[in-house]
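Here's the letter readout for the chains.
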Amino acid sequence: MELDDPKLQRVRVSLWKNLHFRKAAARPMLLLRVERLNAQGNLRVLKPLWLASGV
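Here is what the cut-offs are and how they apply
Residues numbered from 1 in each chain as written. Predicted model: local features only at pLDDT ≥ 70, side-chain atom pairs only at ≥ 80, totals over all residues. Heavy atoms only, no water. Helix = DSSP H or I, 4+ residues; strand = E, 2+ residues; numbered from the N terminus. Buried < 20%, exposed > 50% of the residue type's maximum accessible area, 1.4 Å probe, protein only. Contact = heavy atoms within 4.5 Å. Patch = residues over 30% accessible without salt bridge, like charges linked within 9 Å, V, L, I, M, F, W, Y side chains within 5 Å. Areas by Shrake-Rupley, 256 points an atom, 1.4 Å probe, with all protein chains shown as cover. Salt bridge = Lys/Arg side-chain N within 4 Å of Asp/Glu carboxyl O. pLDDT = per-residue confidence, 0-100.

Engineer: Explain the overall build of the protein here, please?
Structural biologist: Check the secondary structure of the protein and you find 0 helices and 4 strands. Start at the N end of the protein and walk to the C end: the helices and strands fall as β-β-β-β. Out of the 55 residues belonging to the protein, those deemed buried represent 9%. Nonlocal contacts in the protein, meaning residues at least 24 apart in sequence, comprise 22% of its contacts between residues at least 6 apart.

Engineer: Quick question: what am I supposed to make of a nonpolar patch on the surface here?
Structural biologist: Residues Leu15, Leu30 and Val55 make up a contiguous nonpolar surface patch of roughly 280 Å² in combined accessible area. Looking at the element boundaries, Leu15 is found in strand 2 (residues 9-19).

Engineer: Would you take a moment to explain the environment of Leu3 for this structure?
Structural biologist: Within the secondary structure layout, Leu3 lies in strand 1 (residues 2-5). Counting along the chain gives 33 residues from Leu3 to Arg36, while the straight-line C-alpha distance between them is 9.9 Å. The contacts of Leu3, once residues within four sequence positions are left out, are Gln9, Arg10 and Val11.

Engineer: In this structure, what is going on with the confidence of the model for the protein? I would like to understand it.
Structural biologist: Reading predicted coordinates in detail is not appropriate for stretches of low pLDDT. When pLDDT is averaged across the protein, the result is 83; 87% of the residues are at 70 or more. No element of the protein has a lower mean pLDDT than strand 2, at 88, and none a higher one than strand 1, at 90.

Engineer: I tried to follow unusual backbone geometry on my own but got confused; where do I start?
Structural biologist: Despite not being glycine, Gln9 has its phi angle at roughly 75°, a positive value. Along the chain, Gln9 falls in strand 2. Phi at Asn18 takes a positive value of approximately 55°, unusual for a residue other than glycine. Mapped onto the elements of the fold, Asn18 is located in strand 2. Overall, Asn18 belongs to the exposed group, its relative accessible area being 58%.

Here it is in structure tokens:
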């Protein structure tokens, strides 16, 4: 999903569900990536923010 934030400007949020680490297959998690985009929708030089949460 992409959205316009008043403070951060253009932002893309990606979500992956039911992922797990190889040695912890019984512990599914969600993975989010938040990227700041420039006005044309291209990625900025800044690194994306990755967030993981247990389900």
